[in-house]
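Summary of the model geometry
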Amino acid sequence: MPPFDVPEGDPFGPHNLPYGVFSLPGDASGGRRVGVRLGDHVLDAGAAAAALGSPYVSLLARPDLGALLAAGRTAWSDVRRALTAWVTVPSHRTVIEPLFHPLSSVALHLPFEVADYVDFYASEHHARNVGSIFRPDAEDSLTPNWKHLPIGYHGRAGTVVVSGTDVVRPSGQRKGPGDPVPVFGPSVRLDIEAEVGFVVGTPSERGRPVALGDFREHVFGLCLLNDWSARDVQAWEYVPLGPFLGKSFATSVSAWVTPLEALEPARTAPPERTHPLLPYLDDSAPDVEPGGYDLRISVAVNGHTVSEPPFATMYWTAAQQLAHMTVNGASLRTGDLFGSGTVSGPEPGQRGSLLELTWNGRDPLDLPTGKRAFLEDGDEVVLTAWAPGQDGARVGLGEVRGRVVAG
Ligand code: MN
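A few points on the structure. (Residues numbered from 1 in each chain as written. Predicted model: local features only at pLDDT ≥ 70, side-chain atom pairs only at ≥ 80, totals over all residues. Heavy atoms only, no water.)

To continue, consider the coordination of the manganese ion. Coordination of the manganese ion by the protein comes from D119 (OD), E193 (OE), E195 (OE) and D227 (OD), over a distance range of 2.1 Å. Taken in sequence order, the residues that donate to the manganese ion follow the motif D-x73-E-x1-E-x31-D. E193 sits in the buried class, given a relative accessible area of 5%. Of the residues examined, E195 reaches a relative accessible area of 1% and is grouped as buried. (Donors = N, O, S within 2.8 Å, 3.2 Å for Na, K, Ca; no water. Buried < 20%, exposed > 50% of the residue type's maximum accessible area, 1.4 Å probe, protein only.)

Here it is as structure tokens:
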């Protein structure tokens, strides 16, 4: 199917236009190029800009999304408007059509250089499940701070990998309740966390917090994110300072970054706030735009869907997370990535981690490929998602795929 004729209802139609970075395996230069997905094709965006004499060639004829991310919100809108015209206006067809490549013929790469990486803990259902599992005797499954600030930690930017990259099973220390001393070896509780990653474009100045209402001045778009987690390593190391080696070995992201502009129809109000918030986090005021996004995620293990987490149920929004992460004066850099935290809905079939789905291994999943409490070598996990668009359309968010290999 030629790209200009993407069928009606395709989740990657001209209403979406996510950005990625690709190379052509046969290309002797091996060069990386910015690509824009349309249907099951990718447009060489830099070549298109050059062919049409567009001023955006300086943002698009690049080996990654860095220049576009740094260009700011006005440029993001202008480039998107231009791209929409290039792939829909019939007079461009003869110039543009040869610049499309079938997705099946290209290699996809990490689309931007990840600057700082932060991960949050924003689903109340997830936090309550984890609290009940790890602190069964606690009076409240939520910690006392949970409803007052979006809890997060700084992760490891250098191990963020693109979808399709194998994940080597990590080794580390673990100490089960019956072990008198810690032992070292490959993790036996390797897990996933289904999340959404937000990509910062416009930097901020050190000492100047980013206000709730400035979210879309700074954040370019979002991707899918799998926060691989070694639960046994994590359980032994994380008190009192939080996740470290149990998380830092790999974080997978989708190859496509969906611009926030494509997700305008998916914006929604977050769940009702049960506790009053300090002013810098308070999104209940009538002049604050709704900060939630209605994204429907699916989690598949070895091709079998095990969960469908609804992002709209997240208690803390990405705008609140951005405001909180900068409220102490910490600055943003182009390429900063922050994860939403595991997305878990209220129903058992909406949990975004095996920890919750199997209740820490007590209730293994019965998959066609065998029972699973946690991941085995060779298992492949695929997260996919879509968001509602205009008039019943769907906005596809691509996938993040990863296979576990022996360490
Ligand atoms: Mn996480």
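So that's the structure; there's more coming.
This part is about helix α6 (residues 124-134). Of the positions making up α6, those classed as buried are E124, H126, A127, N129, V130, G131 and I133. Among the structural elements, α10 (354-357) are those in contact with the buried residues of α6. Capping the start of α6, S123 holds a side-chain oxygen 3.3 Å from the backbone nitrogen of H125, two or three residues further along. (Helix = DSSP H or I, 4+ residues; strand = E, 2+ residues; numbered from the N terminus. Contact = heavy atoms within 4.5 Å. Polar contact = N/O pair within 3.5 Å; in protein donor to acceptor, adjacent residues only side chain to side chain.)

Scanning all chains against the criterion turns up nine aromatic pairs. Relative to F220, the ring of W76 has its centre 5.2 Å away and its plane inclined at 85 degrees; by these criteria the two rings are edge-to-face. On the criterion of sequence distance, the pair formed by W76 in helix α4 (residues 73-88) and F220 in strand β14 (residues 219-226) is long-range, its members being 144 residues apart. The exposure classification of W76 matches that of F220, with both residues buried. Ring plane angle 80 degrees and centroid distance 6.2 Å describe the contact between F120 and F338, whose orientation is recorded as edge-to-face. With F120 in strand β6 (residues 117-120) and F338 in strand β22 (residues 337-339), this pair connects stretches of sequence that are 218 residues apart. Overall, F338 belongs to the buried group, its relative accessible area being 1%. Among the aromatic residues, ring-to-ring pairing joins F120, F198, F215, F311 and F338 into one connected group. The lysine or arginine in question, R394, covers the ring of W386, its NZ or CZ lying 3.6 Å from the ring centre. (Phe/Tyr/Trp six-rings, centres within 6.5 Å; stacked < 30°, edge-to-face > 60°. Lys NZ or Arg CZ within 6 Å of the ring centre and 35° of its normal.)

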